[in-house]
Amino acid sequence: MSHMDAGVPSTPGKFKSEKPHHHHQRLLLRWQHSPLPKFLFWSLFAGAVLFSLFLISPRSSSSSPAGHTHSSSVTERRFLRTSSSSSSATWGGREWEKRVRSSARVRRHPFGLTVLVTGAAGFVGTHVSNALHRRGDGVVGLDNFNDYYDPSLKRARQALLSHSGVFLVEGDINDGPLLRKLFDIVAFTHVLHLAAQAGVRYAMVNPGSYVHSNVAGLVSILEAARSANPQPAIVWASSSSVYGLNTQVPFSESHRTDRPASLYAATKKAGEEIAHVYNHIYGLSITGLRFFTVYGPWGRPDMAYFFFTRDILAGKPITIFEGPDHATVARDFTFIDDIVQGCIASLDTAQKSTGSGGTKKGPAQLRVFNLGNTSPVPVVELVSILERHLKVKAKKKVVKMPRNGDVLFTHANISLAKKELGYRPTTNLNTGLKRFVKWYLDYYSSSGSHLAKKGRSGHGSSSSS
Ligand SMILES: O=C(O)[C@H]1O[C@H](OP(=O)(O)OP(=O)(O)OC[C@H]2O[C@@H](n3ccc(=O)[nH]c3=O)[C@H](O)[C@@H]2O)[C@H](O)[C@@H](O)[C@H]1O
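Residues numbered from 1 in each chain as written. Predicted model: local features only at pLDDT ≥ 70, side-chain atom pairs only at ≥ 80, totals over all residues. Heavy atoms only, no water.

**Q** Even after reading the chapter, I still don't get helix 14 (residues 429–446), so can you show me in this structure?
**A** An α-helix turns once per 3.6 residues; consequently, residues spaced three or four apart project the same way. Taking 1.5 Å per residue as the helical rise, helix 14 with its 18 residues ought to reach 26 Å, and the 25 Å between its terminal C-alpha atoms agrees with that figure. Regarding helix 14, the residues found buried are L429, G432, L433, F436, V437, W439, Y440, L441, Y443 and Y444. (Helix = DSSP H or I, 4+ residues; strand = E, 2+ residues; numbered from the N terminus. Expected span 1.5 Å × (residues − 1). Buried < 20%, exposed > 50% of the residue type's maximum accessible area, 1.4 Å probe, protein only.)

Here you go:
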């Protein structure tokens, strides 16, 4: 069983031991028969066990990882808790297979797609799964429900999908046998691979989770896809962060991406190189999408627009970063509906993979697109818009941007996506945030959270901005 099959990231530096030389064998025998080495051996063994337990034990588990956004200098080696690690969640069995097959059934003939969506309980995953299902494509979701941020939000998204008839498999992208099983049961035409460890600043807190999900997890998906027969086409989430310290604007796909500013960015960039390998060797058709700060209803609580909203309503201060010499920090915020459109257009225009049974038959499509909004907005402006929609004044603290992996600005050139995908973003930040705020207030008041209610009643004064 490989490391990936076991669901454990591969261990760097592991190697097969060579057959020892006769001289070495004699030394070894002498060593084995002396009492001191035995004592040393067992002491070392006990030490190693304790050290491994220390490494894998979840520390600081009382605070949600998403709460680490203001950067901590303490590196935390922690495996995020998943549904399968904390409960008896399993996969397999006749009933389970029936549900997978039924969810994968295409109702849009003759051109319907059959899509495996990884990270389907995530923000983008839920929206795209829903949209695909609505137009009659077959959709099977996969998600490990980890606790990077509040899993109850992921469960609520799952309920939404389940209500419309999309089945969500609970499992990990590093689980090779599960992936093989899914490809055995269903002839997926496409994989939309969105499962990932997100968040730029959290990479300084828990670097291991980025390698586990964004590198090992991606390889695991590509391995399953290249061995599948037929091979699916892959569309996956890269990130605007790959542009890193690039200063040419707007960011175009042909610009340099070899100076990442965070480990998150580095793992996404590594993903783009890994995609090249699987395209080159196995003929997998692969499209990478560089998302630019996606926001909207059902969004991620670890993102600034989301926790700013929460904190403004709770009357708590928010920190707004600024660059050197008071330089403005800005993002090309992109509304979720526009991203959904870009994902679906990528699936629709993806050519077939050319391999079969792990062997390449001819050159296959390899693409990368920016999916942004093309109009960067300063973070202070984002806060003003939120204040207006929330009708609450924020307690703002402007601080120098810590060295936490953030970049000063992002700005997408989307000409290529326009030309090849017909991608045309239509929602500006004001309209998008209005829709987000409406969702936020509805969701947190109807789910019984006191936060939203308290914030609205306690700080209800109208904002003049
Ligand atoms: O495009 C991407 O590929 C990435 O987009 C998103 O990263 P970012 O663009 O960094 O979004 P986000 O954290 O919301 O910070 C927004 C702004 O608020 C500023 N910011 C942040 C925190 C804070 O306390 N204060 C502050 O000013 C901060 O400096 C920044 O300017 C995704 O999270 C990431 O997973 C990835 O998908």
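**Q** What is the right way to look at the pairing of strand 2 (residues 138–143) in this model?
**A** If a strand is regular, its side chains alternate between the two faces of the sheet. Here strand 2 lies mainly inside the structure; six of its six residues are buried. What you see with strand 2 is no split at all: G138, V140 and L142 on one side and V139, G141 and D143 on the other are buried throughout. Pairing of strand 1 (residues 114–118) with strand 2 involves five bridges; the strand directions are parallel. Residue L116 lies in a different strand from strand 2, and its bridge partner there is V140. With helix 5 (residues 123–134) bridging strand 1 and its parallel neighbour strand 2, the resulting β-α-β unit is right-handed. Bridging between strand 2 and strand 3 (residues 167–170) involves four bridges; their strand directions are parallel. Within strand 3, the residue paired with L142 across the bridge is V169. As for the winding sense of the linkage, the β-α-β connection from strand 2 through helix 6 (residues 151–164) to strand 3 is right-handed. (Pairing = 2+ DSSP bridges. Right-handed = clockwise from strand over helix to strand, strands pointing away.)

**Q** Sorry if this is basic, but what is going on with the UniProt feature "transmembrane region" (unreviewed entry) in the protein here?
**A** As recorded in UniProt, the feature "transmembrane region" (unreviewed entry) lies at residues 39–56 and 111–128. For the annotated span residues 111–128, helix accounts for 33% and strand for 28% of the residues, and the straight-line distance between the end C-alpha atoms is 18 Å. (UniProt positions renumbered as here; feature names shortened; annotations may be inferred.)

**Q** How should I be thinking about the sheet that holds strand 2 in this particular structure?
**A** Sheet strands associate in pairs through backbone hydrogen bonding, adopting either a parallel or an antiparallel arrangement. Judged by pairing direction, the sheet is parallel, and its seven strands sit side by side in the order 3-2-1-4-5-6-11 without closing on themselves. Of all strands in the sheet, those with a lone pairing partner are strand 3 and strand 11 (366–371), marking the two edges. Taken over all neighbouring pairs, the strand axes of this sheet differ in orientation by 20° on average, direction set aside. Sheet topology places strand 1 next to strand 4 (residues 190–193); four bridges connect them, and they run parallel. Residue pairing in the sheet places T118 in a bridge with H193 of strand 4. Along the sheet, helix 4 (residues 94–104) contacts strand 1, strand 2 and strand 3; its crossing angle with strand 2, the most-contacted strand, is approximately 130°. Along the sheet face, helix 9 (residues 263–282) touches strand 5 (233–239), strand 6 (286–291) and strand 11 and points at about 155° away from the line of strand 5. (Axes fitted to C-alpha atoms, helices over the stretch in contact; angles between N-to-C directions. Contact = heavy atoms within 4.5 Å.)

**Q** How should I be thinking about the environment of F321 in this particular structure?
**A** Looking at the element boundaries, F321 is found in strand 8 (residues 317–322). Placed 76 residues apart in sequence, F321 and K397 show a C-alpha to C-alpha distance of 8.5 Å.

**Q** I keep staring at the packing of aromatic side chains and nothing clicks. Help me out?
**A** To describe a pair of aromatic rings, one takes the distance between the centres and the angle between the planes. Enumeration over the complete set of coordinates arrives at 30 aromatic pairs. Plain terms: the ring middles of F436 and W439 are 5.9 Å apart, the flat faces sit at 40° to each other, and that makes the pair tilted. Taken together, the positions of F436 and W439, both in helix 14 and three residues apart, correspond to about one turn of that helix. Between the aromatic rings of W439 and Y444, the centroid separation amounts to 6.2 Å while the plane-to-plane angle is 75°, which identifies the pairing as edge-to-face. Judged by its relative accessible area of 10%, W439 is buried. With relative accessibility at 13%, the residue Y444 sits in the buried group. Put simply, the rings of Y295, W298, Y305, F306, F333, F335, F436, W439, Y440, Y443 and Y444 pair up and form one aromatic cluster. (Phe/Tyr/Trp six-rings, centres within 6.5 Å; stacked < 30°, edge-to-face > 60°.)

**Q** Any chance you could explain the UniProt feature "domain: NAD-dependent epimerase/dehydratase" (unreviewed entry) in the protein here in plain terms?
**A** Here, UniProt's "domain: NAD-dependent epimerase/dehydratase" (unreviewed entry) annotation points to residues 115–351. Strand forms 18% of residues 115–351 and helix 43%; the C-alpha atoms that close the span are 14 Å apart.

**Q** Explanation requested: the site of the ligand in the structure shown.
**A** Taken together, 24 residues sit near the ligand, with R201, S239, S240, A304 and T319 positioned nearest. Contact between the ligand and G199: an oxygen atom at 3.0 Å from a main-chain N or O atom of the residue. At a separation of 2.7 Å, a nitrogen atom of the ligand approaches a polar backbone atom of T319. About the coverage of the ligand: the protein hides 96% of its 700 Å² of free accessible area. Looking at the shell around the ligand, the elements that each hand over two or more residues are helix 10 (304–313) and strand 8. (Near = heavy atom within 4 Å. Polar contact = N/O pair within 3.5 Å; in protein donor to acceptor, adjacent residues only side chain to side chain. Areas by Shrake-Rupley, 256 points an atom, 1.4 Å probe, with all protein chains shown as cover.)

**Q** Even after reading the chapter, I still don't get the pattern of salt bridges, so can you show me in this structure?
**A** If charged atoms from side chains of opposite charge come close, those side chains can pair. Enumeration over the complete set of coordinates arrives at 21 salt bridges. Residue E272 pairs with R290 through a salt bridge whose shortest N-O separation is 2.7 Å. One end of the pair, E272, is in helix 9; the other, R290, is in strand 6, and 18 residues separate them in sequence. We note that E272, like R290, is buried. A salt bridge links K419 to E420; the shortest N-O distance between them is 3.4 Å. Using a relative accessible area of 67% as the deciding quantity, one classes K419 as exposed. Members of the salt-bridge network, linked through shared partners, are R108, R135, D137 and D348. (Salt bridge = Lys/Arg side-chain N within 4 Å of Asp/Glu carboxyl O.)

**Q** Help me out: how do you make sense of unusual backbone geometry in this one?
**A** Generally, phi is negative for residues other than glycine and the peptide bonds are trans, each holding for most cases. At the junction of H109 and P110, the peptide bond is cis and its omega measures out at 0° in the coordinates. Cis rather than trans, the peptide bond between V249 and P250 has omega equal to -15°. Here P250 is to be found in the loop between strand 5 and helix 9. Located in the positive-phi region is T293, a residue other than glycine, with phi close to 30°. When you line up the elements, T293 lands in the loop between strand 6 and strand 7 (294–295). The backbone phi angle of W298 is positive, close to 65°, even though this residue is not glycine.

**Q** Any chance you could explain the nonpolar core here in plain terms?
**A** Here is a general trend for soluble globular proteins: nonpolar side chains tend to be buried in one another's company. In this structure, V124, F291, Y305, F308 and W439 are the most contacted members of the largest nonpolar core, which totals 83 residues. Per element, the largest residue contribution to this core is nine residues, and it comes from helix 14. Not counting residues within four places of it along the chain, the set of residues in contact with Y305 comprises F123, V294, Y295, G296, G299, R300, L382, L386, L433 and F436. Within the second largest apolar cluster, 33 residues are counted, among which are W96, L142, A228 and A275. (Core = buried A, V, L, I, M, F, W, Y, C linked by side-chain atoms within 4.5 Å.)

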